[in-house]
2 protein chains.
Amino acid sequence: MNEFKLVKTSGTARAGELITKHGTVTTPVLCPVGTQASIKALTPQDVTNVGMNMILSNTYHLYLRPGIDIIEKMGGLHKFMGWNGAILTDSGGYQVFSLSNLSKINDEGVTFKSHIDGSTHTLTPELAVKYQESLGSDIAMVLDQCVAHDADRAEVWAAMVRTHQWAQRCLRAHKSEAQSLYAIIQGGIYPELRKESASFLTQLPFDGFAIGGLSIGEAKQTTFDITQTVTALLPADKPRYLMGVGAPEDILECVDRGIDIFDCALPTRVARNGALYTQSGRIDILNATYKKQESPINPGCECYTCRNFSAAYLHHLFRSKELLAYRLATIHNLFFMSDLIKSTRQSILDGNFSSFKNAFLEQYHPTNETTRLSQKKKWLASRENIVH
Amino acid sequence: MNEFKLVKTSGTARAGELITKHGTVTTPVLCPVGTQASIKALTPQDVTNVGMNMILSNTYHLYLRPGIDIIEKMGGLHKFMGWNGAILTDSGGYQVFSLSNLSKINDEGVTFKSHIDGSTHTLTPELAVKYQESLGSDIAMVLDQCVAHDADRAEVWAAMVRTHQWAQRCLRAHKSEAQSLYAIIQGGIYPELRKESASFLTQLPFDGFAIGGLSIGEAKQTTFDITQTVTALLPADKPRYLMGVGAPEDILECVDRGIDIFDCALPTRVARNGALYTQSGRIDILNATYKKQESPINPGCECYTCRNFSAAYLHHLFRSKELLAYRLATIHNLFFMSDLIKSTRQSILDGNFSSFKNAFLEQYHPTNETTRLSQKKKWLASRENIVH
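Remember, it's a predicted structure, so these values are computed and weren't measured experimentally. Residue indices begin from 1 for each chain and proceed along its sequence in written order. Chains carry letters from A onward and ligands carry numbers from 1 onward, assigned in written order. With pLDDT at 70 or above as the cut-off, local features in this predicted model cover only qualifying residues; side-chain atom pairs require 80 or more to be listed or tallied, and sums for whole chains, interfaces and linings still use all residues.

### A closer look at the overall build of chain A
Part 1 of the reasoning: The number of helices and strands found in chain A is 16 helices and 16 strands.
Part 2 of the reasoning: In summary, chain A has a C-alpha radius of gyration of 20 Å against a globular reference of 21 Å for 388 residues, a match within 12%.
Part 3 of the reasoning: When the backbone C-alpha atoms are referred to their principal axes, chain A occupies close to 60 × 50 × 40 Å.
Part 4 of the reasoning: Burial is judged by counting other C-beta atoms within 10 Å of a residue's own C-beta: 20 or more means buried, 12 or fewer means exposed, and anything between counts as partly exposed, with every C-beta placed from the backbone. Burial analysis of chain A (388 residues in total) assigns 54% to the buried set. Secondary structure elements follow DSSP: runs of H or I of four or more residues count as helices, runs of E of two or more count as strands, with numbering from the N terminus. Between the two quantities, the radius of gyration covers C-alpha atoms and the globule rule is 2.2 Å times the number of residues to the power 0.38.

### Here we look at the domain arrangement of chain A
Residues and elements named next belong to chain A.
Part 1 of the reasoning: Along its sequence, chain A is carved into domain 1 (3–264) and domain 2 (271–381).
Part 2 of the reasoning: Once you take the C-alpha centre of each, domain 1 and domain 2 turn out to be 25 Å apart.
Part 3 of the reasoning: Throughout, a pair of residues is in contact if the C-beta atoms placed from their backbones lie within 7 Å. With 31 residues of domain 1 at the contact, the number on the domain 2 side is 33 residues.
Part 4 of the reasoning: For the side of domain 1 that touches domain 2, the secondary-structure elements that each account for two or more residues are β1 (3–10), β2 (13–20), β4 (29–31), α1 (44–49) and α10 (248–255).
Part 5 of the reasoning: Here the element with the most residues in the side of domain 1 that touches domain 2 is α10; it accounts for four residues.
Part 6 of the reasoning: Only Asp, Glu, Lys and Arg are considered charged in this grouping, and only Ala, Val, Leu, Ile, Met, Phe, Trp, Tyr, Cys and Pro are considered nonpolar; every other residue, Gly among them, is considered polar. For the side of domain 1 that touches domain 2, the residue count by class is 15 nonpolar, nine polar and seven charged. Note that the domain bounds were set by an automatic or database domain assignment.

### What about the sheet that holds strand β7 (residues 101–105) of chain A?
All names here are of chain A.
Part 1 of the reasoning: If you trace the three strands from one edge of the open sheet to the other, you get β7-β8-β9, paired in antiparallel fashion. Each edge of the sheet is formed by a strand with only one pairing partner; in this case those strands are β7 and β9 (120–123). Ignoring which end each strand starts from, the neighbouring axes of this sheet average 25° apart.
Part 2 of the reasoning: Strands are treated as partners if at least two bridges between them are detected by DSSP. Note: β7 against strand β8 (residues 110–113), four bridges, orientation antiparallel. Bridging across to β8, Lys-104 finds its partner in Thr-111. All axes here are fitted lines through C-alpha atoms, helices being fitted over the stretch that makes contact, and every angle between N-to-C directions spans 0 to 180 degrees.

### A short note on the pairing of strand β6 (residues 86–90) of chain A
Residue and element names in this part refer to chain A.
Part 1 of the reasoning: Summarising burial for β6: five of the five residues are buried, a large majority.
Part 2 of the reasoning: Both faces of β6 are covered, namely the face carrying Ala-86, Leu-88 and Asp-90 and the face carrying Ile-87 and Thr-89.
Part 3 of the reasoning: The pairing of strand β5 (residues 54–58) with β6 spans five bridges and is classified as parallel. Note on β6: the bridge partner recorded for Leu-56 is Leu-88.
Part 4 of the reasoning: Where β6 lies against strand β10 (residues 139–141), two bridges are found, and the strand directions are parallel.

### Considerations on the relation of the copies chain A and chain B
Part 1 of the reasoning: A least-squares superposition brings the copies together, and it is based on the C-alpha atoms of residues with pLDDT no lower than 70 in both. In screw terms, the move from chain A to chain B is a rotation of 180° and a rise of 0.0 Å along the axis, fitting with an RMSD of 0.0 Å. Here the two chains are linked by the operation of a two-fold rotation axis. Nearest to the rotation axis, the C-alpha of Leu323(A) is located 3.9 Å from it, this being the minimum over chain A.
Part 2 of the reasoning: Most of the interface of chain A is mirrored in chain B: 100% of its interface residues are interface residues there too.

### With respect to the interface of chain A and chain B
Part 1 of the reasoning: Listed by partner, the interface residues are 32 residues for chain A and 32 residues for chain B.
Part 2 of the reasoning: Elements that contribute at least two residues to the side of chain A that touches chain B include exactly α3 (68–73), α4 (77–81), α13 (311–319) and α14 (323–349) of chain A.
Part 3 of the reasoning: Examining the composition of the side of chain A that touches chain B, we find that five residues originate from one element, α13(A), more than from any other.
Part 4 of the reasoning: When grouped by side-chain class, the residues that make up the side of chain A that touches chain B number 16 nonpolar, eight polar and eight charged.

### Some details on the environment of Lys321(A)
Part 1 of the reasoning: Along the chain, Lys321(A) falls in the loop between α13 and α14.
Part 2 of the reasoning: C-alpha of Lys321(A) to C-alpha of Phe97(A): the two residues are 224 residues apart in sequence and 33 Å apart in space.

### So, the sheet that holds β4(A)
Residue and element names in this part refer to chain A.
Part 1 of the reasoning: Strand order in the open sheet formed by eight strands is β4-β14-β13-β12-β11-β10-β6-β5, and the pairing between neighbours is parallel. Every other strand in the sheet has two partners, leaving β4 and β5 as the edge strands with one partner each. On average, each strand axis in the sheet is inclined to that of its neighbour by 25°, with strand direction left out of account.

### Quick word on unusual backbone geometry
Part 1 of the reasoning: Omega for the peptide link from Arg65(A) to Pro66(A) comes to 10°, which places this bond in the cis form.
Part 2 of the reasoning: Within the secondary structure, Pro66(A) is located in the loop between α2 (59–64) and α3.
Part 3 of the reasoning: Even without being a glycine, Ala37(B) presents a positive backbone phi close to 65°.
Part 4 of the reasoning: A count of 26 C-beta atoms within 10 Å places Ala37(B) in the buried class.
Part 5 of the reasoning: With a phi close to 80°, Ala41(B) is a non-glycine residue in the positive phi region.
Part 6 of the reasoning: Following the sequence through the fold, Ala41(B) ends up in the loop between β4 (29–31) and α1 (44–49).
Part 7 of the reasoning: Residue classification places Ala41(B) among the buried residues on the basis of 25 C-beta atoms within 10 Å.

### Brief notes about the nonpolar core
Part 1 of the reasoning: By definition, a nonpolar core groups buried Ala, Val, Leu, Ile, Met, Phe, Trp, Tyr and Cys residues that are joined through C-beta atoms within 7 Å. Of all hydrophobic cores here, the largest spans 227 residues; its most connected members are Ala183(A), Ala210(A), Leu314(A), Ala183(B), Ala210(B) and Leu314(B).
Part 2 of the reasoning: Apart from residues no more than four positions distant in its own chain, Ala183(B) is found in contact with Val142(B), Ala167(B), Leu201(B), Leu204(B), Phe206(B), Phe209(B) and Ala210(B).

### Side note on helix α9 (residues 220–231) of chain A
Side chains that are three or four residues apart share a direction in an α-helix, a result of its 3.6 residues per turn.
All names here are of chain A.
Part 1 of the reasoning: In this analysis, the expected span of each helix is defined as 1.5 Å times one less than the number of residues it contains. The end-to-end C-alpha distance of α9 is 17 Å, a good match for the 16 Å that twelve residues give at a rise of 1.5 Å each.
Part 2 of the reasoning: Residues of α9 that are buried include every one of Thr-223, Ile-226, Thr-227, Val-230 and Thr-231, and no others. Looking down the long axis of α9, one finds its buried residues gathered within 125° of arc, a one-sided arrangement.
Part 3 of the reasoning: Of the surrounding elements, those touching the buried residues of α9 are β11 (180–185), α8 (191–202), β12 (208–211), β13 (240–242) and α10. The arc under discussion is defined with respect to the helix axis, by the directions toward the C-beta atoms.

### Considerations on the environment of Thr289(B)
Part 1 of the reasoning: Turning to its location among the elements, Thr289(B) is positioned in the loop between β16 (281–284) and α12 (304–308).
Part 2 of the reasoning: Among the residues examined, Thr289(B) registers 12 C-beta atoms within 10 Å and is labelled exposed.

### A few points about the packing of helix α6 (residues 125–135) of chain B against helix α7 (residues 153–173) of chain B
All names here are of chain B.
Part 1 of the reasoning: For the pair α6 and α7, the least separation of the axes is 8 Å and the interaxial angle reads 45°. Judged on the interaxial angle alone, α7 and α6 are oblique. For the pair α6 and α7, the crossing hand works out as right-handed. In this structure, α6 uses Pro-125, Glu-126, Ala-128, Val-129 and Lys-130 to contact α7, whose residues at the interface are Trp-166, Arg-169, Cys-170 and Ala-173.
Part 2 of the reasoning: Taken together, the residues of the contact of α6 with α7 sort by class into six nonpolar, no polar and three charged. Angular relationships are summarised with four words: roughly parallel below 35 degrees, roughly antiparallel beyond 145, roughly perpendicular across 65 to 115, and oblique for the angles in between. Helix crossings fall into two classes, left-handed where the near helix is turned counterclockwise from the far one by less than a right angle and right-handed where it is turned clockwise.

Given below as structure tokens:
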């Protein structure tokens, strides 16, 4: 079991420390996503160098390939992928819902067909816990039932009730002393269901609480409002994790609402499409503007990419579809996020988070992609053209 | 102008030093290929770390994209790609022949259509020199006329005569003091034409001599025989460069025949297909044998990949088409080649190259791919499935 220390608050924003077997992780923290036991295009050394010390990996993907047994035989996920920092694993609930061909779901668990080869598999709360214990992650998640963002109230309620039953079964099944287990609060966009879910789950001895089922297509203001509704009900001494959120502006809004932990594939995925973060917003490196730009993409940035290469070189690598493009872009975006998170934490320690947030948001202009779903749709539509 | 020092010979094998503005390059040397101003999947730092200190880049590709003017504006190729070691550029002669849609060739030069967008361009000996001077490479190559490996004698002779005329024009056009200019000996598989070409070109004040038009589809023994025929006629005090050769066994055979410099896309290209070098030959990491192998792909190897990752992890990355796969594999193959070259040089310094070569070849079993052409055909056939 890992320990969480709340170090300082600034308004409702929190600075903390998560002490794990694989080092102390300062919070707020953003976990880059290593779906298949690899942060795409980076070595573990690169991930450390950009300043990240906790990553997320996916039980669903690792179960299908290479198989949990293989990773266990190799000494666990840390050793398998050569990563000595902390690892958070999700349970597979969201992937079963969003990626696989879901064939059956009932109180017992979920039966689905693999998105890789169509083979049939079953996942139960007990298996989700067992697999994550075998992987040896520092933080494991309960199995939850996810529904679409536009599901009706009755459907959301039923999934929430089942999620609660499964959370209790996960708690009973969980044996590892070294691993934390977090509950996932569901309830869709319905504040009263969210309150019910938070009340129910916070009665149980979980090590932390996640908010699931957000950032899947609802309006951004809804994401923020629901987050605020839930965090108001969470115990101060336990970490709070908002699943799947990670755009710069959204992180600041949700730190403001009391979130400690984030994960998001966005910074790495958009990097591979040539969308690079700067203080004033995302730029598209494929734009002809950069063809002759001798300065780096984000002058003053101290990442490996900006210290060593011009925007013109990055532009050339993307135009030429050189593999190095994806790595340099990923390094830049993760460094940018890591830097943003560090400055955010410092502002909380200094007691001026609010003015830090306002100053950042005044300068930063996100693109018009307002929801994770619209990004996902665009991504799916263009997946033949990009490098996954 | 760079200086070449012949340090030691062991039989006809040579150990030397090439002193350039970008450091001293010990020979024999293999230049990894950075066609588009990037060694695919690697940063310049990675290239240094595997022990390589001279790379090859392609005037043809850089001329088409991003354009010679852009690179010149960025301060030259070294600065553009962030590489502080030595650079050898080829003139584009071979690419015009093998990649573009060749529309016209006459004594003046060659007109071709871009393989990227079909636009029409002209390359002359004078332009080939000018472009390479603008790139600022340490070693530039003359423009030569290449023909197919099965061209008849008359065609080979005519191309050779034109190559000689063009070589003289390149020499007249070449102004850079900092850059060497090498001639390219042609003559196909005809020993008497090769002798004529070597005799003609060695009368001219070139800084080094390359052997072109080999390893393009002829039998391997022919490659070796022609190499031997030519090197016997070359001056001892000038570097000799065998273009496009780079398989481990071929390098040893051609060092034995007096070659100092090699370039080859093979080690990096096969790496991206999962073919990894070991002392006993190439292995296919996608093979199910490696699914559960806890030891590295080449136990005892001190490359970053073997020091940090199991064969099982590499196997998983390749199966999952993770970008990191291509980088780790490339690092391993280049480290292997760099190590082989270093041991080769040491054996020459120790005066026992011949026994080193025999011991290596006894253990190493190359695959059945006997010629660069057959590899190229396979590669072209499978290009939709691999990462270029």
